[in-house]
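Observations on chain architecture
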Amino acid sequence: MSEDRKRILELLAEGKINADEAERLIAALAGEGAGPRAERSEAPRRAPKYLRVIVDANDLGHATKVNIRVPMQLLRAGVRLGGLIPRQAREQVNEALQDQGIDIDIGKIKPENLEALIEQLQDFSVDVDDESAKVRVFCE
Amino acid sequence: MIPLMAQVVVEHEHGRPIRLWLPLFLVWLLLVVLGVLLSPLIIIACLIARMNPFTTVWRLCRVFAALAGTHIEVQAPDAVVLVRVI
């Protein structure tokens, strides 16, 4: 038992503080102790290295398994390469995307945007659990 | 780091399985030689497309380098395909 806690209990025994106050003081002490631990748990998060896609399908008794691991580095390199696409080609790609209902200007996807996206992908996970297939997309 | 080896496995229900270990470091050496020989054409093509040839080549190299760690595995009832870049 710590000295502070012992002192609080002594004060309670002596009647100088009531039970509620003692409880509050002990809770405050516990909060102080938990502070650094909480900070430690928020240590710098590691950016995910791979995008994983796992499919476990079973159509009419035919089992198919797909296991894909794509390095994030490849996504980064792809985005940087995308920056070299000539404007005419970029416009055609944008138009094709818009035809599919995807309103994205690929010219505006910058490496720094991708970094922010990848950082957030650590918490990203898609789980589809169907009768005929299980699909899992996550980052590791 | 650039990938040095690739493993390719293709197994059919009927037919001989294909299992290959490809030494990519040899492929890179060949590509360097080929790139030097074709550099005039690459530069002309880039200039026509209004792209910086050096940036283009550098970014392409980065895409190849980023392939390390790629793993693609498909197991179907009649075939198995595995591509691994190490």
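Residues numbered from 1 in each chain as written. Chains lettered and ligands numbered in written order. Predicted model: local features only at pLDDT ≥ 70, side-chain atom pairs only at ≥ 80, totals over all residues. Heavy atoms only, no water.

This part takes up the overall build of chain A. Counting secondary structure elements, chain A contains 5 helices and 4 strands. The order of α-helices and β-strands along chain A, N terminus first, is α-α-β-β-α-α-α-β-β. Expressed as a percentage of contacts within chain A between residues at least 6 apart in sequence, the contacts between residues at least 24 apart total 45%. (Helix = DSSP H or I, 4+ residues; strand = E, 2+ residues; numbered from the N terminus. Contact = heavy atoms within 4.5 Å.)

Below, the discussion takes up the interface of chain A and chain B. Contact with chain A, which involves 19 residues of that partner, is made by 20 residues of chain B. Buried surface at the junction of chain A and chain B, both sides included, amounts to about 1,700 Å², of which 62% is carbon and sulfur. The tally of links from chain A across to chain B stands at 0 salt bridges. The tally of links between chain A and chain B comes to 5 residue pairs in polar contact (both at pLDDT 80 or more). Of all the elements in the fold, those that place two or more residues in the side of chain A that touches chain B are strand E2 (62–71) and helix H3 (72–82) of chain A. The biggest single contributor to the side of chain A that touches chain B is E2 of chain A, with 9 residues. (Buried area = accessible area lost by both parts, 1.4 Å probe. Salt bridge = Lys/Arg side-chain N within 4 Å of Asp/Glu carboxyl O. Polar contact = N/O pair within 3.5 Å; in protein donor to acceptor, adjacent residues only side chain to side chain.)

Before going further, it helps to spend a moment on unusual backbone geometry. Residues and elements named next belong to chain B. The phi dihedral of Arg50 is positive, around 60°, even though this residue is not glycine. Relative to the helices and strands, Arg50 resides in the loop between helix H2 (39–48) and helix H3 (53–65). Residue classification places Arg50 among the exposed positions, given a relative accessible area of 79%. (Buried < 20%, exposed > 50% of the residue type's maximum accessible area, 1.4 Å probe, protein only.)

This model, assessed by the stated rule, comprises 1 aromatic pair over all chains. Aromatic side chains Trp28 of chain B and Phe64 of chain B sit 5.5 Å apart centroid to centroid with 45° between the ring planes, which places their arrangement in the tilted category. Of this pair, Trp28 of chain B sits in helix H1 (residues 24–37) while Phe64 of chain B sits in helix H3, and the two are 36 residues apart along the sequence. For Trp28 of chain B, a relative accessible area of 16% translates into the label buried. With a relative accessible area of 37%, Phe64 of chain B lands in the partly exposed category. Between the NZ or CZ atom of Arg69 of chain A and the centre of the ring of Tyr50 of chain A, over which it lies, the distance is 4.5 Å. (Phe/Tyr/Trp six-rings, centres within 6.5 Å; stacked < 30°, edge-to-face > 60°. Lys NZ or Arg CZ within 6 Å of the ring centre and 35° of its normal.)

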